[in-house]
Amino acid sequence: MTKVIRVNPDNFNTDELDEAAKILQDGGLCAFPTETVYGLGAVYSDKNAVLNIFKAKGRPADNPLIVHICEFNEIYSLAKEVTDEAMRLAKRFWGGPLTVILPKSDSVPYEVTAGLDTVAIRLPSHPVATALIRRVGLPIAAPSANLSGKPSPTAAEHVIEDMDGRADIIIDGGNSFFGIESTVVDLSTDKPQVLRPGAVTIEDLKPFLKNIEYGTGTSAPKSPGMKYKHYAPNAPVYIVEGGNAIGIINKNSDDKTGILTYRIPPDKFERGTVLNAGNTAYEYAANMFYYFRKFDEMGVDKIFAVPPEEDNMGYSVRNRLYKSAGGRIIC
Ligand code: TXA
Ligand code: MG
């Protein structure tokens, strides 16, 4: 069994992180909380430890990892070149849910970047994450702490579900604030692109990057991770679009149906187990993966999800929902 330590993000001593830091320094894997989702970390320069992350997750070898830092200046040791654009974004959005892609320096092993000449860098805002990185004294490479293909974990119980016996230590720092993974922005090419939408939205980015656009999506993914089956609970997810969601869901549901509702009162549904995603797209993001895993725990055999509108954070939530549903849409 993997050891789990509980650290209160609002009130902790950094020496509570000593054991986890030591495990990382010795080449082990540590699952830790961030403000987006939990990460499964290894010291970025330890090639063996980095390869063990891929094994622990069952992650395809061509899907690169994000390197997490705790001080802006660490970017200079990871990136070959730090552009003005990168400085502007970092100043505005770090620590926070934004990852930037830049040409990599020689210090970043190809094991981290899956053979690419670029590196993804993020400075989180979660106090436990940054304190851990500081205690280790080196950047930490970390994907989300789920088994590949599963919804990202937003609570320690879900990290334990996937990583017990696979990670060397798990830090329980409570629930993730945002609930979906960071926005990934590629700054390594002429035209900056959002490769993965997140809580920093394209509208948030436009004042800083006038020509920012969305990447090409899943057909020819620049962000290798976006092409795989993703975020999927065991039960199939069906997105129910349009004005007649109540009618469609009531017609097709039974006692073993899970319903993730949004702005439709739960009592409108005649059968099934209803969980309320909240009243805003930010609340939806914070609840979505957690509730998908809850539905699995309840043993539902299908999930109907009412999506948020497609603006701002709604766009990012829909991106994950569509991947979870793998194309199953009813309207
Ligand atoms: O919020 C987050 O970003 C979380 C927490 C733990 O920080 N991490 C996370 O990592 O979501 P992961 O590995 O699940 O997703 C990283 C994404 C993948 O889609 C990957 O393909 C992309 O970032 N990525 C990483 N390095 C890249 C690179 N050099 N070029 C393009 N895409 C890259
Ligand atoms: Mg992931």
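Before reading further, recall that the structure is shown in the block above.
Being a predicted model, the structure only gives us computed values, none of them experimental.

Enquirer: I keep staring at the overall build of the chain and nothing clicks. Help me out?
Expert: Counting its secondary structure elements, the chain contains 11 helices and 16 strands. By the compact-globule yardstick of 20 Å for 331 residues, the chain fits well, its C-alpha radius of gyration being 19 Å. Taking the principal axes of its C-alpha atoms as reference, the chain extends roughly 60 × 50 × 35 Å. Buried positions account for 56% of the 331 residues belonging to the chain. Here the analysis covers contacts within the chain between residues at least 6 apart in sequence; of these, 68% occur between residues at least 24 apart. Element-wise, carbon and sulfur atoms account for 48% of the exposed surface of the chain, whose accessible area totals about 13600 Å².

Enquirer: For this particular structure, what's the right way to read the nonpolar core?
Expert: As a rule of thumb, nonpolar side chains are buried together in soluble globular proteins. In terms of nonpolar packing, the biggest core is built from 45 residues, with Leu40, Leu89, Trp94, Leu98 and Val185 touching the most fellow members. At the level of secondary structure, the elements contributing two or more residues to this core comprise strand 3 (39-43), helix 2 (47-57), helix 3 (75-78), helix 4 (84-93), strand 5 (98-103), strand 6 (118-122), helix 7 (156-163) and helix 8 (202-205). At 5 residues, helix 2 tops the list of elements feeding residues into this core. If you look at the next biggest cluster of nonpolar residues, it comprises 37 residues, including Ala199, Ala235, Phe269 and Phe289.

Enquirer: What is the right way to read the sheet that holds strand 10 (residues 193-196) from this model?
Expert: Backbone-to-backbone hydrogen bonds join strands into a sheet, with any given pair of strands oriented parallel or antiparallel. Taken together, the 11 strands give an open sheet; going across it, the order is 1-8-2-3-7-4-6-5-9-10-11, and neighbouring strands pair in mixed fashion. Taken across any chain shown, the strands that pair with only one partner, and hence form the sheet edges, are strand 1 (3-6) and strand 11 (213-214). Bridge count for strand 2 (residues 30-32) against strand 3 is 3 bridges, and the pairing is antiparallel. Looking at the pairing, Ala31 lines up with Leu40 of strand 3. Across the sheet, helix 7 lies against strand 1, strand 2, strand 3 and strand 8 (169-172), angled at about 165° from strand 8, the strand it touches most.

Enquirer: Any chance you could explain the sheet that holds strand 15 (residues 302-305) here in plain terms?
Expert: Judged by pairing direction, the sheet is parallel, and its 5 strands sit side by side in the order 14-13-15-12-16 without closing on themselves. Each edge of the open sheet is held by one strand with a lone partner, namely strand 14 (273-276) and strand 16 (329-330). Across 3 bridges, strand 12 (residues 237-240) lies against strand 15 in parallel orientation. Its bridge partner lying in strand 15, Ile239 is registered against Ala305. In the packing of helix 10 (residues 281-298) onto the sheet, the strands contacted are strand 12, strand 13 (257-261), strand 14 and strand 15, and the crossing angle to strand 14 comes to about 160°. Of the strands in this sheet, strand 12, strand 15 and strand 16 are in contact with helix 11 (residues 313-325), which crosses strand 12 at around 130°.

Enquirer: I would appreciate a short explanation of the packing of aromatic side chains in the present structure.
Expert: Summed over the entire model, instances satisfying the criterion amount to 9 aromatic pairs. Pairing Phe177 with Phe178 gives two aromatic rings, centres 4.9 Å apart and planes at 85°, and the pair type is edge-to-face. When its relative accessible area of 63% is taken as the criterion, Phe177 is described as exposed. The class of Phe178 is buried, set by a relative accessible area of 15%. Aromatic pair Tyr262 and Tyr284: ring centres 5.2 Å apart, planes at 55°, arrangement tilted. Residue Tyr262 is located in the loop between strand 13 and strand 14, and its partner Tyr284 is located in helix 10; the two are separated by 22 residues in the primary sequence. Cation over ring: Lys104 sits above Tyr110, and NZ or CZ is 4.3 Å from the ring centre. Above the plane of the ring of Tyr238 lies Arg328, whose end atom (NZ or CZ) is 5.6 Å from the centre.

Enquirer: Explain the pairing of strand 8 to me, please; I cannot follow it from the model alone.
Expert: Where a strand is regular, its side chains alternate between the two sheet faces. By the alternation rule, side chains of strand 8 split into Ile169 and Ile171 and Ile170 and Asp172, which are all buried. Looking at chain direction, strand 1 and strand 8 are connected through 4 bridges and run parallel. Within strand 8, the residue paired with Lys3 across the bridge is Ile169. As paired strands, strand 2 and strand 8 are joined by 2 bridges and run parallel to one another.

Enquirer: Help me understand the side chain of Asn146, please; the structure alone is not making it clear to me.
Expert: When you line up the elements, Asn146 lands in the loop between strand 7 (140-141) and helix 7. Classification of Asn146 by relative accessible area gives buried; the value is 4%. Within polar-contact distance, the side chain of Asn146 engages the side chain of Ser144 at 2.6 Å. Discounting residues that sit within four places of it in the chain, Asn146 has contacts with Lys57, Pro151, Ser152, Pro153, Asp162, Met163 and Arg293.

Enquirer: Would you mind going over the pattern of salt bridges with me for this structure?
Expert: Charged atoms that come close allow side chains of opposite charge to pair. This model, assessed by the stated rule, comprises 15 salt bridges. Note that Asp18 and Arg135 form a salt bridge whose closest N and O atoms lie 2.6 Å from each other. Highlighted residues: Asp18 in helix 1 (residues 18-25) and Arg135 in helix 6 (residues 127-136), separated in sequence by 117 residues. Owing to a relative accessible area of 35%, Arg135 belongs among the partly exposed residues under this scheme. Where Lys22 meets Asp26, a salt bridge forms, and the shortest distance between an N and an O atom there is 2.8 Å. The class of Lys22 is partly exposed, set by a relative accessible area of 46%. Linked through salt bridges whose partners overlap, the residues forming this network are Glu157, Lys294 and Glu297.

Definitions and limits used
- Residues numbered from 1 in each chain as written.
- Chains lettered and ligands numbered in written order.
- Predicted model: local features only at pLDDT ≥ 70, side-chain atom pairs only at ≥ 80, totals over all residues.
- Heavy atoms only, no water.
- Helix = DSSP H or I, 4+ residues; strand = E, 2+ residues; numbered from the N terminus.
- Rg over C-alpha atoms; globule rule 2.2 N^0.38 Å.
- Buried < 20%, exposed > 50% of the residue type's maximum accessible area, 1.4 Å probe, protein only.
- Contact = heavy atoms within 4.5 Å.
- Areas by Shrake-Rupley, 256 points an atom, 1.4 Å probe, with all protein chains shown as cover.
- Core = buried A, V, L, I, M, F, W, Y, C linked by side-chain atoms within 4.5 Å.
- Pairing = 2+ DSSP bridges.
- Axes fitted to C-alpha atoms, helices over the stretch in contact; angles between N-to-C directions.
- Phe/Tyr/Trp six-rings, centres within 6.5 Å; stacked < 30°, edge-to-face > 60°.
- Lys NZ or Arg CZ within 6 Å of the ring centre and 35° of its normal.
- Polar contact = N/O pair within 3.5 Å; in protein donor to acceptor, adjacent residues only side chain to side chain.
- Salt bridge = Lys/Arg side-chain N within 4 Å of Asp/Glu carboxyl O.

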